[in-house]
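Listed here are the chains, written in short residue letters.
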Amino acid sequence: MPKPIVFFVRWVDRINLYAGRLAMVIFFAMAAIMLWSTVSRAVFGVSVNWSLEMTQFLLSAFYLLGGAYSLQHGSHVRMDLFYSRLSLRRRAGLDAVTLLAVIFFLGVLLWGGISSTQYAIQYNQKNYSAWSPVLWPVKVAMTIGIFLMLLQVIAQLFRDVAQAMDRPIT
């Protein structure tokens, strides 16, 4: 494969490795918030009304930032009826065709995410709850996560095309 494509694949892998590690830290932040909520309610008798909503926002960032990391490590669930019987080159070819549909889907999702994020920033959109937090931070995280997933899918497409041509990118 041409050097710019190999560079792109390695660059995307490195970025999504760090994004995945950030997602792992977010998980511990969610756990800490839920622990604080439980302790404050059970021990001090004080309800923390922001904790559930903040945990939901962090969970959104967790799975959207962790999606590309999961794809990078082959952790997504697959339905395997005939796939395992195919040769490595045929699997790569089938994956490449499938990834084209995923790229289209993520492109549409990214377009909607950018539009939604712009709206949230422009109008200072807030959630309708007692806490009433602004929504732009979670929408920015959502859009970044979708963009990173799109980059990872494109990198995987390059990897699969190289594998189908019997010139794997390592």
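Sequence order as written defines the numbering, with residues in each chain counted from 1. Residue-level local features of this predicted model are given only where pLDDT is at least 70; pairs of side-chain atoms are given and counted only at 80 or more, and the full residue set underlies all totals for whole chains, interfaces and linings. Side-chain measures were taken over the full set of non-hydrogen atoms in the model, leaving aside hydrogen atoms and water.

Digging into the overall build of the chain
Thought 1: Each helix and strand in the chain was counted, giving four helices and zero strands.
Thought 2: Helix and strand labels come from DSSP, where a helix needs a run of H or I of at least four residues and a strand needs a run of E of at least two; each type is numbered from the N terminus. Tracing the chain from N to C terminus, the helices and strands come up as α-α-α-α.
Thought 3: Computation of the radius of gyration draws on C-alpha atoms alone. For the globule rule, the value is 2.2 Å times the number of residues to the power 0.38. Relative to a compact globule of 170 residues, whose C-alpha radius of gyration would be 15 Å, the chain shows 20 Å and is clearly more extended.
Thought 4: Considered along the principal axes of its C-alpha atoms, the chain spans approximately 65 × 35 × 30 Å.
Thought 5: The classification of residues rests on relative accessible area computed with a 1.4 Å probe and restricted to protein chains. Under 20% of the type maximum is buried, over 50% is exposed, and intermediate values are partly exposed. When each of the 170 residues of the chain is scored for burial, the buried share is 36%.
Thought 6: Pairs of residues are marked as contacts when any of their non-hydrogen atoms sit within 4.5 Å. In the chain, the proportion of contacts linking residues at least 24 apart, taken out of those at least 6 apart, comes to 72%.
Thought 7: Here the chain holds 14 positive side-chain charges and 6 negative ones, and the gap between their average locations is 4 Å. Lys and Arg are tallied as positive, Asp and Glu as negative. Neither His nor the chain termini are counted. Here the site of a charge means NZ on Lys, CZ on Arg, CG on Asp, or CD on Glu.

A look at the packing of aromatic side chains
Thought 1: Between 30 and 60 degrees the pair is tilted, below 30 it is stacked and above 60 it is edge-to-face, where a pair is any two Phe, Tyr or Trp rings, Trp via its six-membered ring, whose centres lie within 6.5 Å. In total, this model carries seven aromatic pairs according to the counting rule given.
Thought 2: Ring centres 6.4 Å apart and planes at 45 degrees place the aromatic pair Trp-36 and Phe-44 in the tilted group.
Thought 3: Taking the relative accessible area as the measure of exposure, Phe-44 reaches 55% and is therefore exposed.
Thought 4: Between Tyr-119 and Tyr-123, the aromatic rings sit 4.9 Å apart at their centres with planes inclined by 45 degrees, giving tilted as the arrangement.
Thought 5: By relative accessible area, Tyr-119 is classed as partly exposed at 45%.

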